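# Structural features, examined
Letter by letter, the chains look like this.
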Amino acid sequence: MRKLINSTYVTLDGVIENPMWTMPYFDDEASAFAGAQTDAADAVLMGRVTYDGMSVAWPAQDESDPTTGAAYFNNVRKYVASTTLTDPTWNNTRVLRGDLVAEVRKLKAQEGRDIIQYGFGSVTAQLVAAGLVDEVRFWIHPVLTGGASMTTPLADFTASFELIDTRVMKSGVVIASYRPQPVG
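Sequence order as written defines the numbering, with residues in each chain counted from 1. Local features are withheld for residues below a pLDDT of 70 in this predicted model, meaning they are given only at 70 or higher, and side-chain atom pairs are given and counted only at 80 or more; totals for whole chains, interfaces and linings count all residues. Processing note: side-chain calculations cover all non-hydrogen atoms of the structure and skip hydrogens and water entirely.

Attention shifts here to helix α2 (residues 48–57). In this scheme, a residue with accessible area under 20% of its type's maximum is buried, one over 50% is exposed, and one in between is partly exposed, where area comes from a 1.4 Å probe on protein chains only. Runs of E in the DSSP output that reach at least two residues are strands. Runs of H or I that reach at least four are helices, and both are numbered from the N terminus. For α2, the set of buried residues is Tyr 51, Met 54 and Ser 55. Viewed along the axis of α2, the buried residues span an arc of 100 degrees, placing them on a single side of the element. Opposite its buried face, α2 presents the exposed residues Val 49 and Val 56, each directed more than 90 degrees away. Whether two residues are in contact is decided by their heavy atoms: any pair within 4.5 Å suffices. Where α2 is buried, its residues contact β2 (41–47), α3 (70–75), β3 (77–81), β4 (93–96) and β5 (114–118). What the arc covers is the set of directions going from the helix axis to the C-beta atoms.

Here you go:
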């Protein structure tokens, strides 16, 4: 069965939105780790908000420059959990309709490499609760931005995680990898 890996950039004050604040920390070391993640994944899963941001940003990047990641993101198979998106324009995108848990269970049962998911919101919360997320990687950045924290939309969500790895980068970014634990 394929693994579903969530990879989320977060500030010290819990902000995940509009991660332009990651740019000063995205050095060769971070680039290598991010590249290893995408090399291991042949599909990207996202919610509508993430899709809306990525589908504008990535097509504007130069695919001929291997350091941008644009060739990967613009061409990889993408799955969007949305009840409102009807006609995705970003290349190779399919909208998951109906029961999200059932749809992701089917994706994980297919042959292939990892499925990577960026951002941590209601889609991730549903999938963690259903036991479908295999690993969560929080890229904790040494910056405070003062925006709304990632926990704001997840008021009724609780989960426990087991620490499985940490990586401290020269830039001060800490990647903490966790395995979700069964609830109950």
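Additional details are given in the paragraphs that follow.
The next subject is the packing of helix α4 (residues 100–109) against helix α5 (residues 122–129). Whenever a helix is involved, its axis is fitted only over the stretch in contact; in every case the axis is a line through C-alpha atoms, and angles between N-to-C directions fall within 0 to 180 degrees. Running from amino to carboxyl end, α4 crosses α5 at an angle of 75 degrees, the nearest separation of the two axes being 10 Å. By the criterion of interaxial angle, the relationship of α4 to α5 is roughly perpendicular. Residue-level inspection shows Leu 100, Val 101 and Val 104 of α4 in contact with α5, the latter providing Val 123, Gln 126 and Leu 127. Here the contact of α4 with α5 is built from residues that sort into five nonpolar, one polar and no charged. Oblique is the label for every angle not falling under 35 degrees (roughly parallel), over 145 degrees (roughly antiparallel), or within 65 to 115 degrees (roughly perpendicular). Lys, Arg, Asp and Glu make up the charged group, whereas Ala, Val, Leu, Ile, Met, Phe, Trp, Tyr, Cys and Pro make up the nonpolar group; the residues left over, Gly among them, are polar.

Now for the side chain of Asn 6. Position of Asn 6 relative to the elements: it lies in strand β1 (residues 4–11). In this structure the side chain of Asn 6 is engaged in a polar contact, spanning 2.6 Å, whose partner is the side chain of Thr 8. Here the side chain of Asn 6 touches Gly 119 through a polar contact of 2.7 Å, landing on its backbone oxygen. Once residues lying within four places of it in the same chain are set aside, the contact partners of Asn 6 are Gln 117, Gly 119, Phe 120, Thr 124, Val 133, Glu 135, Val 136 and Arg 137. Pairs of N or O atoms are called polar contacts if they sit within 3.5 Å, as long as, within protein, a hydrogen donor faces a hydrogen acceptor (for residues adjacent in sequence, only side-chain-to-side-chain pairs).

A few words now on the pattern of salt bridges. What makes a salt bridge here is a side-chain nitrogen of Lys or Arg within 4 Å of a carboxyl oxygen of Asp or Glu, nothing more. Here the structure, examined in full by the defined rule, presents seven salt bridges. Among the ionic pairs, Arg 94 bridges to Glu 103, the shortest N-O distance being 3.1 Å. Since its relative accessible area comes to 32%, Arg 94 is described here as partly exposed. With its nearest N and O atoms 3.4 Å apart, the salt bridge here joins Glu 103 to Lys 106. With Glu 103 and Lys 106 both in helix α4 and three residues apart, this pair spans about one turn of that helix.

Here we take up the nonpolar core. Only buried residues count toward a nonpolar core, which is a set of Ala, Val, Leu, Ile, Met, Phe, Trp, Tyr and Cys residues joined through side-chain atoms within 4.5 Å. Of all hydrophobic cores here, the largest spans 21 residues; its most connected members are Leu 4, Leu 45, Leu 96, Leu 100, Val 104 and Leu 127. Of all elements in the fold, only β1, β2, β3, α4, α5 and β6 (135–141) reach the threshold of two or more residues within this core. Per element, the largest residue contribution to this core is four residues, and it comes from α4. Setting aside residues no more than four positions away along its own chain, Val 104 makes contact with Leu 4, Leu 45, Leu 96, Leu 127 and Leu 132. Trp 58, Val 76, Leu 85 and Tyr 118 belong to the second-largest nonpolar core, a separate cluster that totals 17 residues.

Next up on the list: the pairing of β2. Counted residue by residue, β2 has six buried out of seven residues, so it is predominantly covered. Paired strands are those between which DSSP finds at least two bridges. Looking at chain direction, β2 and β5 are connected through four bridges and run parallel. Bridge pairing in β5 links Val 44 to Ile 116. Examined bridge by bridge, β2 and β3 share five bridges and lie parallel to one another. Note that in β3 the partner of Met 46 across the bridge is Val 80.

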